[in-house]
Amino acid sequence: MKKLSLLAVATLLGACQLIQPAAEPQLNGEVYYLQRIALPPNATLSVSLQDVSLADAPAVVLGEQEGPVEGQVPLPFHLSYDPAQVKPGNRYSVSARIEVNGKLMYTTTEQHVVQLDGSDPQSMKIRVHAVR
């Protein structure tokens, strides 16, 4: 009887290990600029994944990373998003900006389109340009 109980417990524990929640999909990459200028210690980086399907409406943010810059370029980012928000046929883009004391210093000037179907690059490279 003890062996049967131990076998049942071991089977249940094994099944619990197989049922793990799926990790949220993620876009990873680096933000960089070409100028040879160091960022001040109070710089902040914002990277967002947006639904840009509607030209006459504000973009819908599906994922965002925002916080102080740690180190110098290239700056890593990791964007998690809810796959339930991804709609077939819609257009999605990643954008980035670097601010210092609330003032925009660098931003993306071109769209970085993503498919969100598993075919996107493992590590994206997002270039930002200085704002004058």
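Predicted model, so just to flag it, every value in this text is computed and none were measured.

(A) Layout of the pattern of salt bridges. With the rule as written, the count across this model stands at 2 salt bridges. R97 is the partner of E99 in a salt bridge, and the nearest nitrogen-oxygen pair spans 2.9 Å. Accessibility expressed as a relative area gives 33% for R97, which makes it partly exposed.

(B) Representation of the pairing of strand β1 (residues 26–32). Residue alternation in β1 divides its side chains into a buried set, L27, G29 and V31, and an unburied set, Q26, N28, E30 and Y32. By the bridge criterion, 6 bridges tie β1 to strand β4 (residues 75–80) in an arrangement that is antiparallel. Bridge pairing in β4 links G29 to F77.

(C) Highlighting the side chain of S93. With respect to the element layout, S93 can be found in strand β5 (residues 92–100). Taking relative accessible area as the criterion, S93 reaches 5% and is therefore assigned buried. A distance of 3.4 Å separates a polar atom in the side chain of S93 from the backbone nitrogen of H112. The residues contacting S93, other than those within four sequence positions of it, are S48, L49, Q50, V52, Q111, H112, V113 and V114.

(D) Structural context of the sheet that holds strand β8 (residues 124–127). Taken together, the 3 strands give an open sheet; going across it, the order is β4-β1-β8, and neighbouring strands pair in mixed fashion. At either margin of the open sheet sits one strand with a lone partner, and together these are β4 and β8. In this sheet, adjacent strand axes meet at a mean angle of 35° when their direction is disregarded.

(E) Inspection of the nonpolar core at higher detail. One finds L27, V31, L49, V94 and I98 to be the most contacted residues of the largest nonpolar core, which totals 25 residues. Of all the secondary structure elements, the ones that give two or more residues to this core are β1, β2 (43–51), β4, β5 and β8. For this core, the leading source of residues is β5, giving 5 residues. If sequence neighbours within four positions are ignored, L27 has contacts with L49, F77, H78, L79, Y81, V94, V114, L116, D120 and M124.

Analysis parameters
Residues numbered from 1 in each chain as written. Predicted model: local features only at pLDDT ≥ 70, side-chain atom pairs only at ≥ 80, totals over all residues. Heavy atoms only, no water. Salt bridge = Lys/Arg side-chain N within 4 Å of Asp/Glu carboxyl O. Buried < 20%, exposed > 50% of the residue type's maximum accessible area, 1.4 Å probe, protein only. Helix = DSSP H or I, 4+ residues; strand = E, 2+ residues; numbered from the N terminus. Pairing = 2+ DSSP bridges. Polar contact = N/O pair within 3.5 Å; in protein donor to acceptor, adjacent residues only side chain to side chain. Contact = heavy atoms within 4.5 Å. Axes fitted to C-alpha atoms, helices over the stretch in contact; angles between N-to-C directions. Core = buried A, V, L, I, M, F, W, Y, C linked by side-chain atoms within 4.5 Å.

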